[in-house]
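The primary structure of each chain is shown beneath.
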Amino acid sequence: MFDKQTYIRRRAELKRLAGTGLILLPGNNDSPANYPANSYSPMRQDSTFLYYFGQHREGLFGIIDIDRDEEWLLGDDIDIEDIVWMGFVPSVADLAAEVGIEKTAPLAQVRKVCSEAIAAKRTIHFLPPYRHDTKIVLMDLLGIHPSQQKERASEVLIKAVVKMRSTKEPQEIAAIERACDVGYEMHTRAQKLIRRGVTERYIGGQVDGIARSLAQGVSFATIFSQHGEIMHGNPSDAKLEDGRLVLCDAGCELDDYCSDNTRTMPVSGIFSQRQEEIYSIVEECHDYVLKVAKPGVKYMDVHFAVCRLMTERLKELGLMKGDVDEAVAAGAHAMFLPHGLGHMMGMDVHDMEGLGQTYVGFDEETQPRLEQFGTNCLRMGRRLQEGFVVTDEPGIYFIPHLIDLWRKEGHCKEFICYDVLETYKDFGGIRIEDDLLITKDGCRFLGTKRIPYHPAELEEFMLPF
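Residues numbered from 1 in each chain as written. Predicted model: local features only at pLDDT ≥ 70, side-chain atom pairs only at ≥ 80, totals over all residues. Heavy atoms only, no water.

*Asks:* I'd like a rundown of helix α15 (residues 400–409), residues and numbers included.
*Replies:* Residues separated by three or four positions in an α-helix point in the same direction, a consequence of the helix having 3.6 residues per turn. Looking at α15, one finds that the buried residues are L402, I403 and W406. Down the axis of α15, the buried side of the element spans an arc of 100 degrees, and every buried residue falls inside it. Structural note: α15 exposes H401 and K408 on the side pointing more than 90 degrees away from its buried face. Of the surrounding secondary structure, the elements contacted by the buried residues of α15 are α16 (418–422). Directly beyond the C-terminal end of α15, a positive phi value near 70 degrees is found at G410. (Buried < 20%, exposed > 50% of the residue type's maximum accessible area, 1.4 Å probe, protein only. Helix = DSSP H or I, 4+ residues; strand = E, 2+ residues; numbered from the N terminus. Arc of directions from axis to C-beta. Contact = heavy atoms within 4.5 Å.)

The following block contains the structure:
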């Protein structure tokens, strides 16, 4: 939690941006794992609620009445049975005072506030909900069926929240830096454990353990797999095998802010010539972003510049052919890079994605290109601004089913050398990812330590203890 004035200032700015009406910001509740008393732990509070109200306790509800200039924190104080099992929790009034709110009430009061606002035909702002219990609550309060809530959510509120949360304050940047430092410990631990015969699940569990030991936990389910061609490959019981690559995509949450890094390593500790040829392309694309990402530049333009660079290098290896610009325009590069260059990051690892990617990663000037395979997964295209935090994560993947499908259809056959590509079906995939802060005149890595990724330093780092 930041200081009280942070939340007072944020709520005041939100009121200014939203203009008029009633803003509803429900917090999250405990979520049962397999029966009511056994909930997922620790509970994850809603990020926007945290941004404006700062409190992690379950069962809270924030209301901002712009027209009356009132702010409420609503919730029920816990009773002695809760205290016996979970320990003492401050009263709702005490929690409210910590973030500069004077007005509190039991949770049931939310219904009365909403009923009065509906009767007075006032504007009621709410964000698109992503949890089913929140959808039910909103249906009870506003009479809007869950199937209609996304389209009925307040565009005014969405844009106001995105505007505020996109540009990170110095204290937010410091929190992300701390999370990135834990991310360093997670990834370097994995790199030191990689050996033939060790299971993916064991190393993935060690990575998760560091996140739980040094931070609040992981910022998303850890990806650790020898099948790097699978974007979100969960750790399995498979044993690591010499000659294969293993991809680790992992991050943590610390002080409510995230890290997100990816590294790809040779199980044997040494890249083969073919592996290093592909790896060096991804490395070059990754480092190119550091040179060109700065305020005023569209991240969509950076993405396609990376795609052109990647296509040129794949041509040199005999995997692609033809005119580079025409190949990228046709989407041929998506055979190897079927996702976008990166995404916003902050309190959420895909920051604010639940508010709608067209609002977070795009704007009136830069609209998403949703029709083309690969480009439809571009999450960030708008002009960069100082204070943005984005990921830089190019990759090259050899996906057997995609290769078979495109070859059968003859898709982009004028740009893809399918006979050569066929010999890479057992390759896997490579991704290198870091978190970038857009600065006044460029960008920089976040985190005080750099997870090894250049081939020589990586191979040296992975040497036996």
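Let us keep going from here.
*Asks:* Tell me what's going on with the packing of aromatic side chains, and back it up with residues and numbers.
*Replies:* Tallied over the entire structure, the rule returns nine aromatic pairs. Where F373 meets W406, the ring centres are 5.9 Å apart and the plane angle is 70 degrees; that geometry is what we call edge-to-face. Here F373 is found in the loop between α14 (357–360) and β14 (389–392), whereas its partner W406 is found in helix α15, with 33 residues between them in sequence. Assessed through its relative accessible area of 5%, W406 is described here as buried. Summarising the aromatic geometry, the rings of Y424 and F427 are spaced 6.0 Å apart at their centres and angled 40 degrees between planes, so their arrangement reads as tilted. Here Y424 falls in the buried class, since its relative accessible area comes to 4%. Pairwise contacts between aromatic rings join F336, F398, Y424 and F427 into one cluster. Above the plane of the ring of Y51 lies R10, whose end atom (NZ or CZ) is 3.8 Å from the centre. The ring of F461 has K192 lying over it, and the distance from NZ or CZ to the ring centre is 4.5 Å. (Phe/Tyr/Trp six-rings, centres within 6.5 Å; stacked < 30°, edge-to-face > 60°. Lys NZ or Arg CZ within 6 Å of the ring centre and 35° of its normal.)

Take it as geometry only, folks, not as evidence of what the structure does.
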